[in-house]
Every structure is written in structure tokens, then in C-alpha cells.
Amino acid sequence: MKNIKYYVVTCLILIGYTITSCSKSDDTPEVGIQQLSLPTTLSLAVTNTAQLKPTTSPVNITRPYELRWSSDNEAVATVDQNGKVTAVSAGTANVRTEVYENGEPQKIAAATVVTVKDFMVLLDATSASLEIGGTRTLKPTVTPEGATYTLQWSSSAETIASVDDKGIVTARNVGEAVITVTIKEQPAVKATFSVQVGAGKVNPGAGLGDIENGGTW
């Protein structure tokens, strides 16, 4: 009988402890987000993207929430619901994120001013003369700095002067050609280089006459 009473008392104590523990856990208030921050500014070149990562506080948030993103000028910059910004055209836009709980806005928000710039490309020279077989490496400068881009090179006359994907121009035949470098992401942005290809130096050799005296090569 004593063992039965001991067992019953133990069970009651355990049940009471479990109920008390659950009750205390249920009574603990959830911690909601109180503050949200983003970088104040962001600079991008046309077609480039950036991922915005907001900072929230406090660190121990337990109440569920969602962030909703928007741009006040989607012709300049768009943003998806993960905070990824895409630059569309030159200008400025305000990208904003706001906290929602159970579908209701919480009047907690943050914004970033996004400045989008057009690409610019310049070459280290605008023209040059080359002899057949000669080469010239063109060095482009692209702005804004840090932007992601792809350069595309072309020649108006490949048989006179060709260019590879590193900007190395090779003179092939007598004549004139225009080398163009274009920003793939913004094809209207380009720079040109004119190359005049001559026959090169010729050694007349012995017995071919003297030009000054009316001889021929």
C-alpha cells in the first residue's frame, strides 16, 4: 500500500510540474521586431544587381513577421520580394522594405536610395598607324568602377585590321579600319579606334635604282 501511495504522489508531482512548466512556457510573451535598417545608399550601373540585407533588432525575435519590398521608381530600379535590386536605367529610386505581421503593416520600415548610372567606356587612343603584321593593344577604361560588364570588340574591316577579345589589334592589309568596343549590357555605349594600315618598310635592295635619280623600286 505504501508503494502505491508513493507511486501516486510521485505521478501527481510530475504531472503538476509538467503543467506548471507548460503554463510558464505558454505565458512567455513573444518578442517582435522593433527596428529595421538598410544601407542608406546604393550605386549601380545599368543592368547590374545587388542584394539588400536588412539588419533587424532585437536579435532574439520570436514573433513571426515578413518583409515586403517596393520601389518608388521601377523605371530606374526594381526589387523582388527577397530584396534583390536590379538597375534598369539611369536615375534614382527609393527602395523600401516594411515589416508585416499576420498581413498587417507594423509601421516599421527602412529605405535605401538607389542611384543608377549609365556605363561609359574610353580607349587609351583614338587612332594609330600600323604596318602590315603590326599589333596594338587597346586599353579600355569603364565606369562606374566596380560594375559588372562584358566588352565586345569588332572591326569594320577584318581583312585590313582584326581585333580579338582582349583588344589586341592586328594589321593585315593596306587600308583603314575602325575598331569598336561595346558594353554588352548597354550596347549604345561604345568607343572607337581608327587604324591606318600601310605597306610597311621596304628594302629596295641592290640594282633597283635610285628614287631621287628617277629610278624605280
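Remember, it's a predicted structure, so these values are computed and weren't measured experimentally.

Each value, and the rule that gives it
Residues numbered from 1 in each chain as written. Predicted model: local features only at pLDDT ≥ 70, side-chain atom pairs only at ≥ 80, totals over all residues. Heavy atoms only, no water. Helix = DSSP H or I, 4+ residues; strand = E, 2+ residues; numbered from the N terminus. Buried < 20%, exposed > 50% of the residue type's maximum accessible area, 1.4 Å probe, protein only. Contact = heavy atoms within 4.5 Å. Pairing = 2+ DSSP bridges. Axes fitted to C-alpha atoms, helices over the stretch in contact; angles between N-to-C directions. Salt bridge = Lys/Arg side-chain N within 4 Å of Asp/Glu carboxyl O.

Caption draft 1: Representation of the overall build of the protein. Each helix and strand in the protein was counted, giving one helix and 18 strands. Burial analysis of the protein (217 residues in total) assigns 30% to the buried set. For the protein, long-range pairs separated by at least 24 residues make up 55% of all intrachain contacts whose partners lie at least 6 apart in sequence.

Caption draft 2: Summary view of the sheet that holds strand S6 (residues 77–79). Taken together, three strands build an open sheet; the order of strands is S3-S7-S6 and the sheet is antiparallel. Every interior strand has two partners, whereas the edge strands, strand S3 (49–51) and S6, have only one. Each neighbouring strand pair of the sheet contributes to a mean axis angle of 20°, computed without reference to strand direction. Relative to strand S7 (residues 84–87), S3 runs antiparallel, the two sharing three bridges. Its bridge partner being in S7, Ala50 is matched across the sheet by Val85.

Caption draft 3: Seen up close, the pattern of salt bridges. Applying the stated criterion across every chain yields a total of three salt bridges. Arg63 is paired through a salt bridge with Glu101; the nearest N and O atoms lie 3.0 Å apart. With Arg63 in the loop between strand S4 (55–57) and strand S5 (66–71) and Glu101 in strand S8 (residues 91–101), this pair connects stretches of sequence that are 38 residues apart. What makes Arg63 partly exposed here is its relative accessible area of 30%.

Caption draft 4: Main features of the sheet that holds strand S16 (residues 168–171). Across the sheet, which stays open at both edges, the three strands sit in the order S12-S16-S15 with antiparallel pairing between neighbours. A single partner strand is all that each edge strand has here, and the edge strands are strand S12 (135–137) and strand S15 (161–163). For this sheet, the mean angle separating the axes of adjacent strands, direction not counted, is 20°. Strand direction decides the pairing type here: S12 and S16, joined by three bridges, are antiparallel. Within the sheet, the bridge partner assigned to Thr137 lies in S16 and is Ile168.

Such coordinate-based values are descriptive only and should not be taken to indicate function.
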